[in-house]
Amino acid sequence: MKIQQEKKIAAAFQNCKLKAISEIGTCFHPECEQKSINSHILQKNGILSTLEKDGHVMEMGINPFQNDIHYFNRIGINKAYSFKCFCNEHDTNLFKSIETEEIDFNDYSNLILFTLRTIYNEKFRKLVNVRMRELLIEKHSDIYDVDYLTEENKQEKLGLKDIEKTENLIWKDINTDSESFTFITREIQHIDLCLSAFYNFETTRELDIYRRKYGKDKEDVMDIFVNVFPYKGKTTVIMGYKTIHEKEVKGYVNMIMKESEKRFLRKLTNLLMFQCETWITSQNFYEKRIKKCEKYFGLAAEYSIRNFDERQFFAINLFREDFCESMNRWKKNVLRSSKRLSS
């Protein structure tokens, strides 16, 4: 009976998610209502193609209905890192300077385009989640906790409001040549990995203190935007933030971007393990560095849910041969700290 119920819950989840995805099909350009097509977060030719083997790459997936919720999945390059975002015209013309021409990373207008795709991928994911939960509430209230889903949607919609503020600033920059964001770029050795994400500068503890102090959620969260991808034999890194937040976040971003390469790769590992989900890697890198340590990615995700101080960095480096050993030490230290807190 329990197994049948679990299968019923999983089937409802999957069906509602697929329906939610199918319902989101209008171009995200603010002045367009044409049908959207599948867009890659980063260009397929010249960036994603550097990671592919037999037309496939590796991405981390999430399945809440299996024992190991986080797992790595081999996926075709045409589907990897893609989502329905722009119509064919806007997808082709708007991103021409970063997809069909040599990219000038000193050009602000190019950097803002990378950020636009980054936030629109997250907007798409949130829209899917909201609609999926609405369908679960509507059709499967007998097997799902409606109050829980309603609260989850409340938080998701707050995130969508934050994204709306950011996208409005970006379109203002695109249309008027203003510059509302500050970016820092650097090159490092080639690594078989693409990352495109953003996350809150504020820690969970800081946001909770604000909520208790003012009786409401913080309305202007400080986002950090990050893109990491192979380009012309090296790996390019772009980090950015809204210029109005420079006083608070400049030191943090500089601390990451102006480190030695060895220390930078440590910090990048921390972002991959604890802050950012939207990344892919090559099958070769997966086999070499991740496969034997795959369990730690799920443990890191679980830790992130309970962690109130997301700006801390641990001495781990995914790009070193001793990564598994360093993650094992991290695990022991986390368990030891947990025991001290509970005693």
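Keep in mind it's a predicted model, so treat the numbers as computed, not measured.

Participant: Could you give me a rundown of unusual backbone geometry, with the residues and numbers involved?
Facilitator: Although it is not a glycine, D177 adopts a positive phi angle of roughly 65°. Residue placement: D177 occurs in the loop between helix 5 (146-176) and strand 5 (181-189). What makes D177 exposed here is its relative accessible area of 68%. With phi around 55°, K232 is a residue other than glycine that occupies positive phi space.

Participant: Report on the packing of helix 7 (residues 246-257) against helix 8 (residues 261-275), specifying residues and quantitative values.
Facilitator: As a packed pair, helix 7 and helix 8 sit with axes 8 Å apart at the nearest point and diverge in direction by 120°. Two secondary-structure elements touch here, helix 7 through Y252, M255, I256 and M257 and helix 8 through F264, K267 and L271. Partitioning the contact of helix 7 with helix 8 into residue classes produces six nonpolar, no polar and one charged.

Participant: I'd like a description of the confidence of the model for the chain, backed by residues and values.
Facilitator: Low pLDDT means the predicted coordinates in that region are not meant to be read closely. Residues with a pLDDT of 70 or more make up 97% of the chain, whose mean pLDDT is 92. When pLDDT is averaged over each helix and strand of the chain, the minimum, 78, is found for helix 11 (residues 323-342) and the maximum, 98, for strand 8 (residues 234-242).

Participant: A description of the side chain of Q43 should follow, citing residues and the corresponding values.
Facilitator: Within the fold, Q43 resides in the loop between strand 1 (38-40) and strand 2 (56-62). Exposure remark for Q43: the relative accessible area of 11% places this residue in the buried category. With residues up to four places along the chain from it excluded, the contact list for Q43 reads L48, I98, E99 and I103.

Participant: Account for helix 8, with residues named and values stated.
Facilitator: With 15 residues, helix 8 should cover 21 Å at 1.5 Å per step; its first-to-last C-alpha distance of 20 Å lies within 8% of that length. For helix 8, the set of buried residues is F264, L265, K267, L268, T269, N270, L271, L272, M273 and F274.

Participant: Any details on the packing of aromatic side chains? Residues and values, ideally.
Facilitator: The full count for this structure, using the stated rule, is 27 aromatic pairs. Residues F181 and F225 carry aromatic rings whose centres are separated by 5.8 Å and whose planes lie at 70° to one another, so their mutual orientation is edge-to-face. Of this pair, F181 sits in strand 5 while F225 sits in strand 7 (residues 223-231), placing them 44 residues apart in sequence. Of the two residues, F181 and F225, both sit in the buried class. A centroid spacing of 5.8 Å and a plane angle of 70° characterise the contact between F274 and Y303, whose relative ring orientation is edge-to-face. Taken together, the residues span a long stretch of sequence, with F274 in helix 8 and Y303 in helix 10 (residues 295-306) at a distance of 29 residues. Here the two residues F274 and Y303 agree in accessibility, since each one is buried. Directly above the ring of F95 sits R117, whose terminal nitrogen or CZ lies 3.8 Å from the centroid.

Participant: Describe the state of the cysteines, listing the residues and the values that go with them.
Facilitator: Tallying each qualifying case throughout the model produces one disulfide. One disulfide in the model links C293 with C324; its S-S distance is 1.5 Å. Sign of the S-S torsion, about -75° for the bond between C293 and C324, identifies this disulfide as left-handed. In this pair, C293 sits in the loop between helix 9 (283-290) and helix 10 while C324 sits in helix 11, placing the two residues 31 residues apart along the sequence. For C324, a relative accessible area of 13% corresponds to the buried category. For the unlinked cysteine C32, the closest cysteine sulfur is that of C87, found at 3.8 Å. Residue classification places C32 among the buried positions, given a relative accessible area of 11%. The thiol sulfur of C276 is not disulfide-bonded, and the nearest other cysteine sulfur, from C194, lies at 14 Å. By relative accessible area, which is 3% here, C276 ends up buried.

Participant: Please give an account of the pattern of salt bridges that cites residues and values.
Facilitator: Scanning the model with the defined rule gives 23 salt bridges in all. The residue D217 makes a salt bridge to R211 at a minimum N-O spacing of 2.7 Å. Under the relative-accessibility criterion, D217 is labelled partly exposed at 26%.

Here is what the cut-offs are and how they apply
Residues numbered from 1 in each chain as written. Predicted model: local features only at pLDDT ≥ 70, side-chain atom pairs only at ≥ 80, totals over all residues. Heavy atoms only, no water. Helix = DSSP H or I, 4+ residues; strand = E, 2+ residues; numbered from the N terminus. Buried < 20%, exposed > 50% of the residue type's maximum accessible area, 1.4 Å probe, protein only. Axes fitted to C-alpha atoms, helices over the stretch in contact; angles between N-to-C directions. Contact = heavy atoms within 4.5 Å. Nonpolar A, V, L, I, M, F, W, Y, C, P; charged D, E, K, R; others polar. pLDDT = per-residue confidence, 0-100. Expected span 1.5 Å × (residues − 1). Phe/Tyr/Trp six-rings, centres within 6.5 Å; stacked < 30°, edge-to-face > 60°. Lys NZ or Arg CZ within 6 Å of the ring centre and 35° of its normal. Disulfide = S-S within 2.5 Å. Salt bridge = Lys/Arg side-chain N within 4 Å of Asp/Glu carboxyl O.

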